[in-house]
Amino acid sequence: MDIKELQQHANHVRQGVIESTHSAGAGHPGGSLSAADVLTYLYFEEMNVDPKNPKAEDRDRFVLSKGHNAPALYSVLAEKEYFPKEDLLTLRHLGSYLQGHPDMKHIPGVDMSSGSLGQGISAACGMALFAKLYNKSFKTYTLLGDGEIQEGQVWEAAMFAGSHELSSLTVIVDNNNLQIDGTIEEVNSPYPIDEKFKSFNFYVINVADGNDMSQIKAAFEKAAGRTGDDAKKPVAIILKTVKGKGVSYMENAVGWHGKAPGDEEYKIAMEELKKEEEALCQ
């Protein structure tokens, strides 16, 4: 799939985030929008997955460790045709299978329930360890928030992954620099993120613009091409992103961490995204 096709899918994913959170009147659009590009790349280019066989034994696994950004995961799963797009409008509604955090028991394509920050990477380590012990070919990917990595459990899991050379594991950090209470430096700085992962024996790749599909592609290709001792290491990809990416009034605005757009805000956001969609189709 070429870059423009991936960008078109990412635009649709963003539209799904806005539509679902507006319909719910709740949710976390900011971090969902910053992660839309990498999630699109994972599901449409990187991972070996099949919506028609979501439990295939040899499928690659994905764990959304920052589970509150479920609107982005649900939107990419719908874009990939795991379930109908119209179901996104039932987000957080009573009786819907699409609740505020991913549920592996009820949602096709979800490999791990998540939401308690810091735990997703531990589950991903378990999947990668299984692959290593039983000589399985599948890979495991997990997406963390940069505020989430203030959790101590994240670094216990990183220590484990590096120590056990879980080479099939890729940890992705959505470094949009904002969390619910402000910038991550103001709250509890985890910087330098890359050096911390290196200290736990990870092969680290920094991406200057984590919302640029070409740069995302280059990062995953670099990870796939590692050789020698580097090929034995788990991978950490640090994406420098923009919270709220794609919706002008949400970009770099901490207030949109966990607030749904109202009717007028929804209209503006969808107009902007539709305009971008038209430009991508030229």
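Just above, that's the structure.
Residues numbered from 1 in each chain as written. Predicted model: local features only at pLDDT ≥ 70, side-chain atom pairs only at ≥ 80, totals over all residues. Heavy atoms only, no water.

Draft legend 1. Structural detail: empty space enclosed by the protein. Going through the model one piece at a time under the given rule, you end up with one cavity of 30 Å³ or more. Approximately 40 Å³ is the volume attributed to the largest cavity. Here the residues of the lining of the largest cavity sort into six nonpolar, one polar and three charged. (1 Å grid on protein atoms, 1.4 Å probe; cavity = no way out; pocket = protein on both sides within 12 Å on 5 of 7 lines; lining within 4 Å. Points joined across faces, edges and corners; volume = space filled by probe spheres on them. Nonpolar A, V, L, I, M, F, W, Y, C, P; charged D, E, K, R; others polar.)

Draft legend 2. Geometry of helix α4 (residues 70-79). By the criterion of burial, α4 is predominantly enclosed, with 10 of the 10 residues buried. Within α4, the full set of buried residues consists of Ala70, Pro71, Ala72, Leu73, Tyr74, Ser75, Val76, Leu77, Ala78 and Glu79. Where α4 is buried, its residues touch α1 (3-24), α2 (29-34), α3 (36-46) and β1 (61-64). In the segment just after α4, Glu81 is the residue with positive phi, at about 70°. (Buried < 20%, exposed > 50% of the residue type's maximum accessible area, 1.4 Å probe, protein only. Helix = DSSP H or I, 4+ residues; strand = E, 2+ residues; numbered from the N terminus. Contact = heavy atoms within 4.5 Å.)

Draft legend 3. Highlighting the nonpolar core. If you look at the biggest cluster of nonpolar residues, it comprises 53 residues, and the most contacted ones within it are Leu42, Tyr43, Phe62, Phe83 and Phe220. Every residue in contact with Phe220, bar those within four places of it in the chain, is listed here: Val38, Tyr41, Leu42, Glu46, Tyr141, Thr170, Ile172 and Ile237. In this structure, Val63, Leu144, Leu169 and Val204 belong to the second largest nonpolar core, which totals 23 residues. (Core = buried A, V, L, I, M, F, W, Y, C linked by side-chain atoms within 4.5 Å.)

Draft legend 4. Representation of the sheet that holds strand β7 (residues 235-240) within the structure. Spatially, β1-β2-β3-β7-β6 is the arrangement adopted by the five strands of the open sheet, whose pairing is parallel. A strand with exactly one partner marks an edge of an open sheet, and here the two such strands are β1 and β6 (203-207). Averaged over all adjacent pairs, the angle separating strand axes in this sheet is 15°, with direction ignored. Looking at chain direction, β6 and β7 are connected through five bridges and run parallel. Within β7, the residue paired with Tyr203 across the bridge is Val235. (Pairing = 2+ DSSP bridges. Axes fitted to C-alpha atoms, helices over the stretch in contact; angles between N-to-C directions.)

Draft legend 5. Expanded view of the environment of Pro54. When you line up the elements, Pro54 lands in the loop between α3 and β1. Not counting the four nearest positions on each side in its chain, Pro54 is found in contact with Arg59, Tyr82 and Gly109.

Draft legend 6. Seen up close, the environment of Leu39. Looking at the secondary structure, you find Leu39 in helix α3. Contacts of Leu39, omitting those with residues within four sequence positions, involve Phe62, Ala72, Leu73, Val76 and Leu143.

Draft legend 7. Focus on the packing of α1 against α4. Relative orientation of the contacting elements α1 and α4 amounts to 125°, with a least axis distance of 8 Å. As summarised for this structure, α1 and α4 are arranged oblique, according to the angle between their axes. As α1 packs across α4, the resulting crossing turns out to be right-handed. When α1 is examined against α4, the residues His9, His12, Val13, Gly16, Val17, Ser20 and Thr21 are found in contact with a partner set consisting of Pro71, Ala72, Ser75, Val76 and Glu79. Looking at the contact of α1 with α4 residue by residue, the classes come out as five nonpolar, six polar and one charged. (Parallel < 35°, antiparallel > 145°, perpendicular 65-115°, else oblique. Left-handed = near helix turned anticlockwise from the far one by under 90°.)

Draft legend 8. Spatial organisation of helix α5 (residues 119-133). Along its 15 residues, α5 runs 21 Å from first to last C-alpha, staying within 8% of the 21 Å computed at 1.5 Å per residue. Along α5, the residues classified as buried are Gly120, Ile121, Ala123, Ala124, Cys125, Met127, Ala128 and Ala131. Among the structural elements, β1, β2 (140-145), α6 (152-163) and β3 (169-175) are those in contact with the buried residues of α5. Once α5 ends, the next one or two residues include Asn135, with phi positive near 55°. (Expected span 1.5 Å × (residues − 1).)

Draft legend 9. Layout of the pattern of salt bridges. Here the structure, examined in full by the defined rule, presents 10 salt bridges. Between Arg14 and Asp37 there is a salt bridge, with the nearest N and O atoms lying 2.5 Å from each other. In this pair, Arg14 is assigned in helix α1 and Asp37 in helix α3, connecting sequence segments 23 residues apart. The class for Asp37 is buried, based on a relative accessible area of 5%. The salt bridge partner of Lys233 is Asp230, with a shortest N-O separation of 3.5 Å. Take Asp230: its relative accessible area is 29%, and that puts it in the partly exposed class. (Salt bridge = Lys/Arg side-chain N within 4 Å of Asp/Glu carboxyl O.)

Shape descriptors only; they carry no functional weight alone.
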